[in-house]
2 protein chains.
Amino acid sequence: MSGHRGGIDLGGTKIQAAIVDEGGSPVGKARRETPRKGGPADVAAAMAEALRAAAADAELEVADLEGVGVGSPGVVDAEAGTVTAAKNLPGWDGAYPLADALRGELGVPVTVGNDVQVAAEAELRLGAGRRHPSFLGVFWGTGVGGAIFLDGRPWLGRGAAGELGHVVVKHDGAVCPCGRRGCMEAYAGRVSMERMARERHEAGEPTVLFDLMRKKGRDRLTSGIWARALRQQDALAAELIDQAIEAIAVAVASAINLLDIGAVVLGGGMGVRFGKTHGERLRAAMVPHLFRDDSPPQLVLAELGDLGGAIGASLLVGKGGEASLGATAGARP
Amino acid sequence: MSGHRGGIDLGGTKIQAAIVDEGGSPVGKARRETPRKGGPADVAAAMAEALRAAAADAELEVADLEGVGVGSPGVVDAEAGTVTAAKNLPGWDGAYPLADALRGELGVPVTVGNDVQVAAEAELRLGAGRRHPSFLGVFWGTGVGGAIFLDGRPWLGRGAAGELGHVVVKHDGAVCPCGRRGCMEAYAGRVSMERMARERHEAGEPTVLFDLMRKKGRDRLTSGIWARALRQQDALAAELIDQAIEAIAVAVASAINLLDIGAVVLGGGMGVRFGKTHGERLRAAMVPHLFRDDSPPQLVLAELGDLGGAIGASLLVGKGGEASLGATAGARP
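Residues numbered from 1 in each chain as written. Chains lettered and ligands numbered in written order. Predicted model: local features only at pLDDT ≥ 70, side-chain atom pairs only at ≥ 80, totals over all residues.

**Points about the overall build of chain A**
Our working rule: Counting from the N terminus, the helices are the DSSP runs of H or I reaching at least four residues and the strands are the DSSP runs of E reaching at least two. Based on C-alpha atoms, the radius of gyration is set beside the globule rule, defined as 2.2 Å times the residue count to the power 0.38. Counting other C-beta atoms within 10 Å of a residue's own tells you its class, since 20 or more makes it buried, 12 or fewer makes it exposed, and anything in between is partly exposed; those C-beta atoms are placed from the backbone. Our contact criterion uses C-beta atoms placed from the backbone: two residues qualify when those atoms are within 7 Å.
Regarding its fold elements, chain A presents eleven helices and 13 strands. Taken against the 2.2 N^0.38 rule, which gives 20 Å for 333 residues, the C-alpha radius of gyration of chain A at 19 Å falls within 12% of a compact globule. Projecting the C-alpha coordinates of chain A onto the three principal axes gives extents of approximately 55 × 45 × 35 Å. Here chain A holds 333 residues, and 55% of them are scored as buried. Looking at chain A alone, contacts between residues at least 24 apart form 66% of all its contacts between residues at least 6 apart.

Structure (structure tokens):
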């Protein structure tokens, strides 16, 4: 046994695979686009392909791995290895035995956990959490996920804690992809931002966003496209990014007023990218809503960056991960 | 030693004192109005008077008590026994040695703690918390306080957790007494509600609220006056109570989305009164904002009712209270 493990972060846009060594350091990686058509079996095949490519990148055989962990959206039943209602994935309404399917493809043990929780746990154990035993994880991407760590341990509540994206920032506000009104994610999730950009563009507002999308051969507004539009001083893009940051700031401030923890760790595709350029803006937007504005929380970027989800998924392999995540991830939507 | 302890709940409107026996059951009580003029020394004198009256009600001498605990608003330094910046109390801007002053008046040891936290701790140990080890305490009164208990222990964060009243419910919304915008307390605190009622009444809207206030010889809209106005089908009172309940529902739902705990304990003067008549309304207003709307938290009334604050304060006397509250209450605003 080499002590190496595989991790797969299953996102709405991309599948990121990584191979990590015994200490949790990545030694190989590969990325694939998430299939837009077909069904769960097609997604599982693309995941297996990404993992094989990551193993090749690490100059290892998949059979040499101790196992593979998966961070998945949707409702994860860790014990059964199934994923249900993964809304951003094609044809994935019912329960699909993802762990079994991948085990069949890869021939090694597979454990499935919640995507946000595993990414946050990776930060706790290997990233920013080493200096901040209590922190609020903010994962800004397709939606906005959250995770709460108190004194070095995840707080999961009855299994679904951390839904920062569905903290209300504006009573009777915009409609969220979840169907409710005024959630933070209704303003800040990549999906919501794209919908607002599209509506306003179709109503006549100029923007380079969709030209850039077509030029890049994409069918959605990725974080890279938003960043490029900002660099081209696109007014609509700037306004929507600013609105997203305001919404995140309000929700995070509300969470800090409740929990009074000293650190906020910002990750996710959008978070890692715009945390670098807009961190000061986010901090400034938070302060007016903090009850203790004399001691705002430290705002730090997820140290594991883009690979955090895959590295976190790899932590599911072996005792530690299963004990702290596998047992509780079942009830998490 | 009789094992009896005294507790004083210092509120913006009233001072509630209680004597409890060894088991925490109240055996005597007395209430005084909080002085509206003068300064901290006048408030301390009224507190001592209330405590003496409660001892008389219990047919005990103050000297027989093991000690007296105080739940206070403002910034409490438990170790120094001081209270600073108690905004709703007369002339109380600087630090006042409340514990020393009361010790001088009463001749027994005095311990000071945060009002919301001690009321919540009373519910944890003697009330609703006995069946709900994890709960969110909501204390709806002059303002709206909160307290978080996770697995039977208070979560205090860096000392100021639980500021539910300052969870944002409407970005760029109404101005809160704290000076910020859109806080829940800006809609639901008794002080905010009175200000809105006054502004709208002065602008010409009819209401019986201020007639009732004068008739009762009060100088503010107490929870009893609000209740009486509702019984008289006062439209403005009904609208403002409903708005308050909506705001509380949104903030509580946000907190539950974050923490996913299974119980909400509603206390405080307004909370105990309107929880009985408007509990269903509150529950219904919460559900549309709950991420897991299939398993809403149980909403229960604070079992210790009006006396909860004083009983909780009495828990500060002796080891248990000092260990869990005294040590941490210092930093709590």
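**Some details on the domain arrangement of chain A**
All names here are of chain A. Selection criterion: Each domain span listed reflects an automatic or database assignment of domains. Polar here means any residue outside two lists: the nonpolar Ala, Val, Leu, Ile, Met, Phe, Trp, Tyr, Cys and Pro, and the charged Asp, Glu, Lys and Arg; Gly therefore counts as polar.
Assigned domains within chain A: domain 1 (5–119 + 307–329) and domain 2 (132–303). With ten residues of domain 1 in contact, the opposing surface of domain 2 contributes 14 residues. Those elements that provide at least two residues to the side of domain 1 that touches domain 2 are α3 (115–126) and α11 (319–329). Taken together, the residues that form the side of domain 1 that touches domain 2 break down as two nonpolar, eight polar and no charged.

**Description of the sheet that holds strand β4 (residues 68–72) of chain A**
Adjacent strands of a sheet form backbone hydrogen bonds with each other and so pair up, either parallel or antiparallel. All names here are of chain A. Worth spelling out the cut-off: For two strands to count as paired, DSSP must find a minimum of two bridges between them. Between N-to-C directions, angles cover 0 to 180 degrees, with each direction set by a line fitted to C-alpha atoms, over the stretch in contact for helices.
Taken in spatial order, the five strands of this open sheet run β3-β2-β1-β4-β8, and their pairing is mixed. At either end of the open sheet lies a strand with only one pairing partner, and these are β3 (26–33) and β8 (110–114). Sheet twist, expressed as the mean angle between neighbouring strand axes with direction ignored, is 20°. Bridge count for strand β1 (residues 5–10) against strand β2 (residues 14–20) is six bridges, and the pairing is antiparallel. Bridge pairing in β2 links Gly7 to Ala18. In the packing of helix α2 (residues 98–106) onto the sheet, contacts are made with β4 and β8, and the angle to β8 comes to roughly 145°.

**A word on the relation of the copies chain A and chain B**
Counted only if it meets this: Only residues with pLDDT of at least 70 in both copies count here: their C-alpha atoms drive the least-squares fit that superposes the copies.
Superposition of chain A onto chain B requires a rotation of 180° combined with a translation of 0.0 Å along the rotation axis, giving an RMSD of 0.1 Å. In short, the pair behaves as if placed about a two-fold rotation axis. Looking at the rotation axis and the C-alpha trace of chain A, the residue lying nearest is Lys170 of chain A, at 2.1 Å. A high fraction, 100%, of the interface residues of chain A reappear at the interface in chain B, so the copies pair face to face through one surface.

**Thoughts on the packing of helix α8 (residues 235–259) of chain B against helix α9 (residues 269–286) of chain B**
All names here are of chain B. Cut-off, in case you're wondering: Note on angle classes: values under 35 degrees are labelled roughly parallel, values over 145 roughly antiparallel, values of 65 to 115 roughly perpendicular, and the remainder oblique. Helix crossings are classified by the rotation of the near helix relative to the far one: an anticlockwise turn of less than a right angle makes the crossing left-handed, while a clockwise turn makes it right-handed.
Packing of α8 against α9 brings their axes to within 9 Å, and their N-to-C directions diverge by 55°. The angle between α8 and α9 falls in the class oblique. Judged by the twist between their axes, the crossing of α8 over α9 is right-handed. In this structure, α8 contributes Ile241, Ile245, Glu246, Ile248, Ala249, Val252 and Ala253 to the contact, and α9 contributes Phe274, His278, Arg281, Leu282, Ala285 and Met286. Looking at the contact of α8 with α9 residue by residue, the classes come out as ten nonpolar, one polar and two charged.

**Topic: α8 of chain B**
The line we're drawing: A helix is expected to reach a length of 1.5 Å times the quantity of its residues less one.
With 25 residues, α8 of chain B should reach 36 Å at 1.5 Å per residue; the first-to-last C-alpha distance of 36 Å fits that figure. Count one or two residues on from α8 of chain B and you reach Asp260 of chain B, which has phi positive near 50°.

**Here's the deal with the nonpolar core**
Note that soluble globular proteins tend to have their nonpolar side chains buried in a common cluster. Quick note on the threshold: The term nonpolar core refers to a group of buried residues, namely Ala, Val, Leu, Ile, Met, Phe, Trp, Tyr and Cys, whose C-beta atoms join them within 7 Å.
The biggest cluster of nonpolar side chains holds 218 residues, and the ones touching the most others in it are Ile248 of chain A together with Ile248 of chain B. In this structure, Ile248 of chain A is in contact with Val138, Trp140, Val144, Met184, Ala188 and Leu282 of chain A, ignoring residues within four places of it in sequence.

**Considering unusual backbone geometry**
Residues and elements named next belong to chain B. Look at Ala85: it is not a glycine, yet its phi comes out positive at around 55°. Residue position: Ala85 is located in the loop between β6 (82–84) and β7 (95–96). Residue classification places Ala85 among the partly exposed residues on the basis of 13 C-beta atoms within 10 Å. With a phi angle near 55°, Gln233 is a residue other than glycine that sits in the positive phi range. Mapped onto the elements, Gln233 comes out in the loop between α7 (223–231) and α8.

**Remarks on the interface of chain A and chain B**
Listed per partner, the contact involves 35 residues of chain A and 35 residues of chain B. Elements with a minimum of two residues in the side of chain A that touches chain B: β10 (144–150) and α8 (235–259) of chain A. For the side of chain A that touches chain B, the leading source of residues is α8 of chain A, giving eight residues. Along the lines of polarity and charge, the residues of the side of chain A that touches chain B split into 18 nonpolar, ten polar and seven charged.

**With respect to the pairing of strand β2 (residues 14–20) of chain B**
Within a regular strand, side chains alternate between the sheet's two faces. Residues and elements named next belong to chain B. Of all the seven residues making up β2, six are buried; the element is thus mostly covered by neighbouring parts of the structure. Pairing of β2 with strand β3 (residues 26–33) involves seven bridges; the strand directions are antiparallel. Across the sheet, the residue bridging to Ile19 is Gly28, located in β3. Linkage of β2 to β3, two consecutive antiparallel strands, is achieved through a turn of five residues, within which Gly24 is found at a positive phi near 90°.

**Remarks on the sheet that holds β3 of chain B**
All names here are of chain B. Taken together, five strands build an open sheet; the order of strands is β3-β2-β1-β4-β8 and the sheet is mixed. One side of each edge strand has no neighbouring strand; the edge strands of this open sheet are β3 and β8 (110–114). The mean angle between the axes of side-by-side strands here comes to 20°, regardless of whether they run parallel or antiparallel. Here strand β4 (residues 68–72) pairs with β8 via five bridges, running parallel. Among the inter-strand pairings, Gly71 is bridged to a residue of β8, identified as Gly113. Each of β1 (5–10), β2, β3 and β4 is contacted by helix α1 (residues 40–57), which is oriented at about 145° to β3, the strand it contacts most. Along the sheet, helix α3 (residues 115–126) makes contact with β1, β4 and β8, crossing β8 at roughly 95°.

**A word on the packing of α1 of chain B against helix α2 (residues 98–106) of chain B**
Residues and elements named next belong to chain B. At their nearest, the axes of α1 and α2 sit 10 Å apart, and the two run at 45° to each other. Overall, the two elements α1 and α2 adopt an arrangement that is oblique. The two elements α1 and α2 meet at a crossing, and its hand is right-handed. Where α1 approaches α2, its residues Pro40, Ala41, Ala44, Ala45, Met47, Ala48 and Leu51 are matched on the opposing element by Leu98, Ala101, Leu102, Glu105 and Leu106. The residue makeup of the contact of α1 with α2, split by class, is eleven nonpolar, no polar and one charged.

**A few points about the environment of Glu105 of chain A**
Residue and element names in this part refer to chain A. Along the chain, Glu105 turns up in helix α2. For Glu105, a count of 19 C-beta atoms within 10 Å puts it in the partly exposed group. With near-sequence residues (within four places) excluded, Glu105 lies in contact with Ala44, Ala45 and Ala48.

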